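A structural walkthrough
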Amino acid sequence: MLYNPQEIEPRLQEYWREKKVYKVDNDSSRRKFYVLDMFPYPSGAGLHVGHPLGYIASDIYSRYKRLRGFNVLHPMGYDAYGLPAEQYAIQTGQHPEKTTVDNINRYRSQLEKIGFSYDWSRELRTCDPKYYKWTQWAFKRMFESYYDTAADAARPISELVAHLEAHGTEGLHAAGSRDLEFTAAEWKAMDAKQRSEALMNWRIAYLGNSMVNWCPALGTVLANDEVSEGLSIRGGFPVEQKVMYQWCLRVSAYAGRLLEGLERLDWTDSLKETQRNWIGRSEGAEMHFAVDGSDVVLDIFTTRADTVFGVTFMVLAPESEYVDKVTTPERREAVRAYVEATKRKTERERMIDKKVSGEFTGAYAINPLNGKRVPVYVSDYVLAGYGTGAIMAVPAHDSRDYAFARHFDLPIIPLIEGVDVSEQSFDAKTGKVTNSCGPDLDLNGMEVKDAIAAAKRYIEEKGIGRVKVNYRLRDAIFSRQRYWGEPFPVYYKDGIPYMLDDSQLPLLLPEISSYKPSPDGEPPLARAENWQTAEGYRLELNTMPGFAGSSAYYLRYMDPHNNEALVGKEVNEYWRDVDLYIGGTEHATGHLIYSRFWNKFLYDLGAVVEDEPFRKLVNQGMIQGRSNFVYRIKNTNTFVSADMREAYDTTPIHVDVNIVSNDVLDTEAFRAWRPEYADAEFVLNAEDKYLCGWAVEKMSKSMFNVVNPDDIVERYGADTLRLYEMFLGPLEQSKPWDTNGIDGVNRFLKKFWGLYFKGDTLLVNDAEPTAENMRSLHKLIKKVTSDIEGFSFNTSVAAFMICVNELTQQHCTSRKVLEPLAVLLSPFAPHIAEELWHIALGHGSDDSIVAAQWPELDESYLVESSVNYAVSFNGKTRFSMAMPADADAKDVEQTVLTSEQAARWIEGKTIRKVIVVPGKIVNVVLG
RNA sequence: GCCCAGGUGGCGGAAUGGUAGACGCGCUCGUUUCAGGUGCGAGUGCUGAGAGGCGUGCAGGUUCGAGUCCUGUUCUGGGCACCA
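Now for a quick tour of the structure. (Residues numbered from 1 in each chain as written. Chains lettered and ligands numbered in written order. Predicted model: local features only at pLDDT ≥ 70, side-chain atom pairs only at ≥ 80, totals over all residues. Heavy atoms only, no water.)

**Concerning the pairing of strand β14 (residues 313-316)**
- Neither face of β14 is open: one carries Phe 313 and Val 315, the other Met 314 and Leu 316, and all of them are buried.
- Bridge count for β14 against strand β17 (residues 390-393) is 4 bridges, and the pairing is antiparallel. Across the sheet, residue Phe 313 finds its bridge partner in β17, namely Ala 393.
- As defined by bridge partners, β14 adjoins strand β16 (residues 373-378) across 3 bridges and the pair is classed as parallel. Bridging from a neighbouring strand, Met 314 pairs with Val 376 of β16. (Buried < 20%, exposed > 50% of the residue type's maximum accessible area, 1.4 Å probe, protein only. Helix = DSSP H or I, 4+ residues; strand = E, 2+ residues; numbered from the N terminus. Pairing = 2+ DSSP bridges.)

Here it is, written out as C-alpha cells:
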C-alpha cells in the first residue's frame, strides 16, 4: 500500500463530516479552549496559498489542545459585507448577495480540501439576517447609552435624562462631543427636536456633524483606518475632508480603557505599540485665551504648558468655529477666501503641499500669564479634529510654528538656556527654562519637566484652564452611503431619529433595482420601494460599515443559533473569550480596536462576561509572491536565459510561475501560454536550460505569481501543503511563497508512511521498543510539545524529519513507538495520521485519532548514559565529573584547562557543566 | 521626523550565553535504471595540500566564552505622522 493522498484525503474528510468528529458541545466538564481565525472577506479571486497560513497554524494548535483534553471551539465564517461585491454589482448588475454566496461557496470548498477541524455547524456570515439582527441590536443599545466618565462605563441614556431633568448639565459626568451647559429649566423648555439634538452630544451611537473622509470615487465616507496618505485603501482614490451629518460611535470615550486594557493582553509588543500609537494619549493642559475686545475665549490644548511665555501668536484651523467669531470686518474677505481655498483641497493635496500658508484674522488674544497681546491667524497646518482646533504658537520650540513665524515674520522668543533658534526650533523637552517669568509665576531655572508641572499647577489654581488628557483616537464614522451593508434600525419622525422596537429586528436589507446612488445623490437605499415603517415613516438610507459585522462575531460562534440573545448567558460564561486569535497585522488599527470597543460596551451592558475579547493574539506574516521573469531581447521574439542575459539588451517580462519549476522554464508550455509567444525562440544556457530570473512581490494576478492551494493539494495532497506552509519559516514572519522545496516535505510524508508499510506489508507489530527507539520518540515529544506551545511550527516539522530518519535507520516497527508517533503528527498532517490510525494501528471506524491522547513525555529516556572522568591540568587531578559516554578520555586531559588563564579562574570554584566536543573539552561552566 | 521588527551559506531558515549553519531546497560524486524520473549512500560556509586559520551587516564593550547581552553606527522591511 503506497501513500496516496489523493485517495485518502477526500475519503477521510467525508468520514470526519459523517462522524461529526469536530462538532463541539457548549457544556462540557472539560476545560474550554477557544481558537479563532480572523474570518476572511470572500473575494472573487478565491484563496491563494498565503491565506491558509494562519488557518493551518490555528488548526494545528486546536488539534493539539484537543489531544490534550480540552474542549476546543474552533469555528469559521465569512465577513460577507464589503465594497468589492458592491462595485461588481454596480458594473454588472449582479446582486451582491449572489456574488458573495458564490465566493463563499468557493472559499468553503477550498478550505474543506485542506482538512481543517472547524465545527462547520457554527459557520456564520455577517450578511445573514439572523446574524445582523444582533449587529443592529448592539447599535440600538449604543444609541440608548451614554458614557459615564465617573463610573467609567456605559449607562442607559434614561439615567442621563433623569439627571438633566433634575440638575441640567450641572455635575454631569458624561463623555460628550462638546461641553454643553444648560439648566434643568432650560432642558424642560426644549421641544422634542432640541432635546434629541442635545442628547446626541452624549449618546454612544449618535448623529453628528463631523469631519469625514469623503471619497468621491467610491461615493462614500471612510473611516480613518480605511484611508492612508490621503488615498482610500480600497482602490487608492483621493479622499477629501468634508463635514457631514453622520452616524458615529463614541469610541473616543473608551480611549482610556482601550489603552489600559492592552497591559493585560498577551499580544506582541509591536502590535500593542501600534494600538497605543493610534490611541495617541497625550497629557497636557487646556487653556483659555481671551480675545481682546470681544467676549470670545479661545480654548487651546498644549502639552507644553511651560512654553506659554514664548507664545507670539495663535492659530485656528480653517474649519474651526472660532474663525467666524473672531475675524474682524476688514479681514473677513481675505479669511473667507483662504478658508474656501483650503476646503477645495483634498487631504492629499494639503499634505503634499508643505508650503506655509495662512491668513491674519485681525483679532488679538491675551496671554493669560503675562497679559501680552498676540495676533490670531488661521492656517491649515492646524487640524480641526484634534484638541480644540486652535493652538497657541511657540515658534522657538515647535518646528511647525517656527516655519509659520518665519514666513509671516513673527517674533521668536527662546525659552531654554543656551539654545540657538536662529536656524531652527528646539523641539526637545530638555534643558533649563529661561525668559519665563510673569507677574505671579516664575519658571526660570527649572528643568523643562518641572516647569511643565509647575505651569499646570498654576493654570489649575488660577482657573486659566485645566489639566487634560487628550487622545488622538477619534469617534468612528458609522454611516456608509452604500447598499451592501447592515441597514440601520432607525426611522425618522419629524426629523428626529428613533430606533425600531426590538421585536422589529432584524430590519431586512431590501431589494433594489440598481446599486448606484439615487439620481438626486442619495444612497442606493433611496431606490428601495416602500422603504419605510408600517406607519409610513422614512427609514435610514445609510448602511453600516464593514467593521460593524466583524466587531462581535467571535461571540456569536459560541451560540450561533440563539434567537433570543447574541450569546446565551450560560454559554458565554463557559466560553468567555478567545484564548488564541490568529490573524494579520493589517487589522491592528481597525478591526482590533473596534472589536475591543464593541466588546467593552457589551461588557458594560452586562451582555458578556469578559472585558477583553482576545486574550492571546498571534500575527501570522504575509506570504508574498515569488515572481519569475523571462528576458526578451529587444525588438525580437527571442528570449535569453537569465544567466546569459548580460550579453544582450533585454526587457524582463513576468511569466506565469506555474510553468516554471525550480526557476527553469518549460519552454513548450511558454509557447502555449499566450499566442504572441507561439513561435518564441530561446537562447539556452550551457546546460541547455532556460533559467528564469525572480523577484519577491505582492501575490497578485497581474504578476502571474499566484499559487492556488487547490493545485498543491491536487498534486501533493493537503498534508504536504500544511506541512510545507509551516516549514517555510517562522509563522510571524513575512516570506515569499516558493514551491521549490515542497518535494522535501512530500518525501518526508512518504518516509513516514514507509515506517508503517513496506509495499503491501504491514510493518507495525507488538515488539518491545529498544531504548534507542524510545529515545528518538521522546526527543520528538519534548521538541514538538514545546514548539507548538511556542508557535514554532517550522522547527517541529524539522524534528519530525529527524525522528523519522532515526526510526527508519533503527528499523523500528514497535506499535509502542509508532502509535504515539502518529498522534504527534496528527495536528500537522491529520489525513495521513488518521489513515494509519485505522489501517496500520488497527483502530476501528468509531475510534478517530482526534480522540486520542497526546503522548506523555518520559524524560528518563533522554538522559544520556555517562562515565566519570578525572579532569586534570598541570599534571594534577583537580576534578572528577560525569561526561557523555562518547567523550574520549585520552583527549580530556588536553583541554583549555592546561592554560594559565584557566588555572587562575577555575581554582576553588564549583563546576556546573562541562561542554564536550567529541574528543575534547572545550569549556567548563562554573556554578 | 517618531515607533517597532530584522540583517547568519547559493536559497528558505536552525541555534536556554556554551561544538554556528539543525532541517529542507539546490548543487557534486557514487549507486539503482535501457533511459528520464524516483529511490538509496557520501559530500557541500570560506580558505588551505595539510595541520590549521577565518567566519553571523559594521565598530566598540561586558564575559573564561557572544549570532545571542550592552553602547554606537549602517542597511532592509513594517507602522504612525502637520496630533500642538
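After presenting the structure, the write-up continues.
**Describing helix α10 (residues 269-279)**
- Those residues of α10 lying buried are Leu 271, Lys 272, Gln 275 and Ile 279. Down the axis of α10, the smallest arc covering the buried residues is 100 degrees, so these residues share one side. Those residues of α10 that are exposed and aimed more than 90 degrees away from the buried face are Asp 269, Ser 270 and Asn 277.
- Check the buried side of α10 and you find it contacts α9 (255-261), β12 (281-291), β18 (465-471), α19 (591-605) and β24 (614-619).
- In the segment just after α10, Gly 280 is the residue with positive phi, at about 55 degrees. (Arc of directions from axis to C-beta. Contact = heavy atoms within 4.5 Å.)

**A short note on the side chain of Asp 398**
- Residue placement: Asp 398 occurs in the loop between β17 and α14 (399-408).
- At a separation of 3.1 Å, a polar atom in the side chain of Asp 398 contacts the main-chain amide nitrogen of Asp 401.
- With residues up to four places along the chain from it excluded, the contact list for Asp 398 reads Ser 425 and Asp 427. (Polar contact = N/O pair within 3.5 Å; in protein donor to acceptor, adjacent residues only side chain to side chain.)

**Considerations on the sheet that holds β24**
- Across the sheet, which stays open at both edges, the 4 strands sit in the order β2-β1-β23-β24 with parallel pairing between neighbours. Every interior strand has two partners, whereas the edge strands, β2 (71-73) and β24, have only one. Between one strand axis and the next, the sheet turns through 20 degrees on average, direction left out of account.
- As paired elements, strand β1 (residues 32-37) and strand β23 (residues 578-583) share 3 bridges and run parallel to each other. Bridge pairing in β23 places Val 35 opposite Leu 580.
- Running over the sheet, helix α2 (residues 52-67) touches β1, β2 and β23 and is turned about 170 degrees from β1. (Axes fitted to C-alpha atoms, helices over the stretch in contact; angles between N-to-C directions.)

**Considerations on the packing of helix α23 (residues 742-756) against helix α26 (residues 815-825)**
- Where α23 meets α26, the closest approach of the two axes is 11 Å, and the angle between their N-to-C directions is 150 degrees. Between α23 and α26, the crossing angle belongs to the class labelled roughly antiparallel. The hand of the α23/α26 crossing is left-handed. Contacts between α23 and α26 involve Phe 748, Leu 749, Phe 752, Leu 755 and Tyr 756 on the former and, on the latter, Leu 818, Leu 821, Ala 822 and Leu 825.
- Grouping the constituent residues of the contact of α23 with α26 by class yields 9 nonpolar, no polar and no charged. (Parallel < 35°, antiparallel > 145°, perpendicular 65-115°, else oblique. Left-handed = near helix turned anticlockwise from the far one by under 90°. Nonpolar A, V, L, I, M, F, W, Y, C, P; charged D, E, K, R; others polar.)

**Here's the deal with unusual backbone geometry**
- Look at the link from Leu 505 to Pro 506: it is a cis peptide, with omega at -5 degrees.
- Looking at the secondary structure, you find Pro 506 in the loop between β21 (496-499) and β22 (538-539).
- Even without glycine at this site, Asp 409 takes up a positive phi of about 60 degrees.
- Looking at where Asp 409 falls in the secondary structure, it is placed in the loop between α14 and α15 (448-462).

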